[in-house]
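# What the coordinates show
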Amino acid sequence: MQLVHYDSLFDYMTSLARKHPTYRFLTPSHSEIYTVDPVNVEYMLKTNFANYGKGDYNLGIMSDLFGDGIFATDGDKWRHQRKLASHEFSTKVLRDFSTNVFKVNAAKLVAKISVAAAAMETIDMQDMLMKSTLDSMFKVGFGMDLNALSGSDDLGQQFVRAFDDANSITFRRFVDMMWKLKRIFNIGWEANLKQNMKVIDAFIYKLIERKREQMRNGETLLGKEDILSREDILSRFLLESEKDPENMTDKYLRDITLNFIIAGKDTTANSLTWFFYSLCKHPLVQEKVAQEVREAATANQNGEVTSAEEFVELLTQEALDKMHYLHAALTETLRLYPAVPLVLNAFILFPFYKFGVCMILSSL
């Protein structure tokens with residue numbers, strides 16, 4: 001039935017969850033438990049988390065794309081990456097770098113939308129947000145510009161298409177009981193996935209080698225003005241790999257960094273898409289949000305702001321702290337449309353999409 005309802009899978013699962021908050025789904029190879037009961041969710045993902053690993057079945061489905069990254073591992077490997085990520089993501093250098101990256105790419109997105117608006121063109125907002133977010137996550141992850149939004153880099157565009165297709169095909173495996181057979185005979189979606197993984201791996205391994213070489217030479221992908229920069233995640237993990245080269249191989253670095261991009265790209269872009277959708281449905285809320293942002297950002301500004309680049313520079317932490325109504329609107333959007341519609345643990349899938357339980361959960 002999941003394959004039959006694949007194009008509207010989350011809506012189908014939500015309708016089942018309304019009737020049966022917790023139920024078992026039987027297949028010829030295994031069984032799955034679905035629950036939206038907050039008590040069960042808390043027990044499995046917090047109280048007794050160690051008892052509910054992802055399991056061989058799920059790891060087998062995700063391993064081609066996710067490798068040994070944090071979303072496709074259990075036990076010691078998961079704990080090692082969790083500890084490493086927690087340390088690196090808490091550093092001020094990485095926080096400041098990522099904030100600046102998102103601000104720069106937000107300005108580029110605003111400029112592109114403004115051109116389309118002036119020409120009265122219809123745009124695919126979700127597609128633009130996906131590309132903009134991927135640009136930001138890639139810059140933070142690998143320290144280079146992917147240019148997915150502008151489409152100016154041919155190799156980058158090949159990676160983007162392969163990356164999106166690989167994500168979609170991997171998710172399809174959860175409802176296609178014949179995927180292993182298709183992989184053996186290299187047919188259908190599995191043949192496409194194999195080709196996509198070749199493109200992804202070649203692109204990522206080339207970046208790792210370039211980054212390592214440039215760090216040896218005292219330069220970064222950003223140019224000579226940023227010599228010895230260690231701001232992006234790959235650079236910081238490369239430094240860690242020098243302490244443990246046996247375990248932190250190029251394959252491990254590929255998995256860690258790619259999982260980071262996967263974690264941030266869709267969740268951020270989808271949440272923003274629902275946010276703008278909700279604002280369009282509620283014009284009064286939209287006006288209040290816009291007014292608060294303008295007032296908070298320009299509180300200490302004397303002259304008129306004439307460009308998106310100027311405006312994003314005004315979005316300091318002090319200004320953001322004043323945007324209480326915006327924070328409430330974003331929080332309500334996440335309550336109604338959680339960024340992670342399904343949380344996977346062992347044989348357990350938690351359908352949260354369009355449901356009254358708001359829990360934004362991830363392996364990170």
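Below you will find a few notes about this structure. (Residues numbered from 1 in each chain as written. Predicted model: local features only at pLDDT ≥ 70, side-chain atom pairs only at ≥ 80, totals over all residues. Heavy atoms only, no water.)

## Digging into the overall build of the chain
On a plain count of helices and strands, the chain comes out with 15 helices and four strands. Computed over the C-alpha atoms, the radius of gyration of the chain is 22 Å, within 12% of the 21 Å expected from 2.2 N^0.38 for a compact globule of 364 residues. On the principal axes, the C-alpha backbone points of the chain span a range of 70 × 55 × 40 Å. The buried share among the 364 residues of the chain stands at 44%. Sequence-distant contacts, at least 24 apart, represent 64% of the contacts inside the chain between residues at least 6 apart. (Helix = DSSP H or I, 4+ residues; strand = E, 2+ residues; numbered from the N terminus. Rg over C-alpha atoms; globule rule 2.2 N^0.38 Å. Buried < 20%, exposed > 50% of the residue type's maximum accessible area, 1.4 Å probe, protein only. Contact = heavy atoms within 4.5 Å.)

## As for the packing of helix α7 (residues 154-172) against helix α9 (residues 188-216)
The contact between α7 and α9 brings their axes to 8 Å, and the two run at 135°. The angle between α7 and α9 falls in the class oblique. Handedness of the crossing formed by α7 with α9: left-handed. Side by side, α7 and α9 meet where Leu155, Gly156, Gln158, Phe159, Ala162, Phe163, Asp165, Ala166, Ile169, Thr170 and Arg172 of the first sit next to Trp189, Glu190, Asn192, Leu193, Asn196, Met197, Val199, Ile200, Phe203 and Ile204 of the second. Considered class by class, the residues forming the contact of α7 with α9 number 13 nonpolar, five polar and three charged. (Axes fitted to C-alpha atoms, helices over the stretch in contact; angles between N-to-C directions. Parallel < 35°, antiparallel > 145°, perpendicular 65-115°, else oblique. Left-handed = near helix turned anticlockwise from the far one by under 90°. Nonpolar A, V, L, I, M, F, W, Y, C, P; charged D, E, K, R; others polar.)

## Observations regarding helix α10 (residues 233-241)
Counting buried positions over the nine residues of α10 gives eight, a clear majority of the element. Listing the buried residues of α10 in full gives Ile233, Leu234, Ser235, Arg236, Phe237, Leu238, Glu240 and Ser241. Check the buried side of α10 and you find it contacts α4 (75-89), α5 (92-118), α6 (125-142), α9 and α11 (250-281). Here α10 starts with a cap whose side-chain oxygen sits 3.3 Å from the backbone nitrogen of Leu234, and that cap is Asp232. (Polar contact = N/O pair within 3.5 Å; in protein donor to acceptor, adjacent residues only side chain to side chain.)

## Some points on the pattern of salt bridges
Taken as a whole and assessed by the stated rule, the structure comprises 22 salt bridges. Between Asp145 and Lys139 there is a salt bridge whose closest N-O contact spans 3.1 Å. Judged by its relative accessible area of 36%, Asp145 falls in the partly exposed class. Residue class for Lys139 comes out buried when judged on its relative accessible area of 12%. One salt bridge in this structure joins Arg254 and Asp255, with 2.7 Å as the shortest N-O distance. Take Arg254 and Asp255: they sit in the same class, and that class is buried. Within the structure, one salt-bridge network assembled from shared partners comprises Asp64, Arg173, Arg183 and Glu190. (Salt bridge = Lys/Arg side-chain N within 4 Å of Asp/Glu carboxyl O.)

## Describing the nonpolar core
One recurring pattern in soluble globular proteins is that nonpolar side chains are buried together. Membership of the largest hydrophobic core comes to 50 residues, with the highest contact counts inside it found for Phe138, Phe159, Ile200 and Ile204. For this core, the secondary-structure elements that each account for two or more residues are α3 (55-66), α4, α5, α6, α7, α9, α10 and α11. Phe138 has contacts with Gly143, Met144, Leu146, Phe159, Phe203, Ile204, Leu207 and Ile261, leaving out every residue within four places of it along the chain. Phe275, Val289, Ala319 and Ala329 belong to the second largest nonpolar core, which has nine residues in total. (Core = buried A, V, L, I, M, F, W, Y, C linked by side-chain atoms within 4.5 Å.)

## Re the environment of Phe71
Looking at the secondary structure, you find Phe71 in the loop between α3 and α4. Put simply, Phe71 and Asn100 are 29 residues apart on the chain and 27 Å apart in space, counted from C-alpha to C-alpha.

## Quick word on the packing of helix α12 (residues 283-297) against helix α15 (residues 324-336)
The geometry of α12 relative to α15 is characterised by a closest axis approach of 8 Å and an angle of 135° between their N-to-C directions. Comparing their axes, α15 and α12 come out oblique. You can see that α12 and α15 cross each other, and the crossing is left-handed. Judged by residue contacts, Val285, Lys288, Val289, Glu292 and Val293 of α12 engage His324, Tyr325, Leu326 and Ala329 from α15. Looking at side-chain class alone, the contact of α12 with α15 contains six nonpolar, one polar and two charged residues.

## Some points on α3
End to end, α3 covers just 14 Å across twelve residues, shorter than the expected 16 Å (1.5 Å per residue, more than 12% under). Taken together, the buried positions of α3 are Asn58, Leu59, Ile61, Met62, Leu65 and Phe66. Projected down its long axis, α3 carries its buried residues within an arc of 165°, all on one side. Where α3 terminates, the next one or two residues include Gly67, which has phi positive at roughly 60°. (Expected span 1.5 Å × (residues − 1). Arc of directions from axis to C-beta.)

## Re a nonpolar patch on the surface
On the surface, Met177, Met178, Leu181, Ile184, Phe185 and Ile187 cluster together to form a nonpolar patch covering roughly 670 Å² of accessible area. Note that Leu181 resides in helix α8 (residues 179-185). (Patch = residues over 30% accessible without salt bridge, like charges linked within 9 Å, V, L, I, M, F, W, Y side chains within 5 Å. Areas by Shrake-Rupley, 256 points an atom, 1.4 Å probe, with all protein chains shown as cover.)

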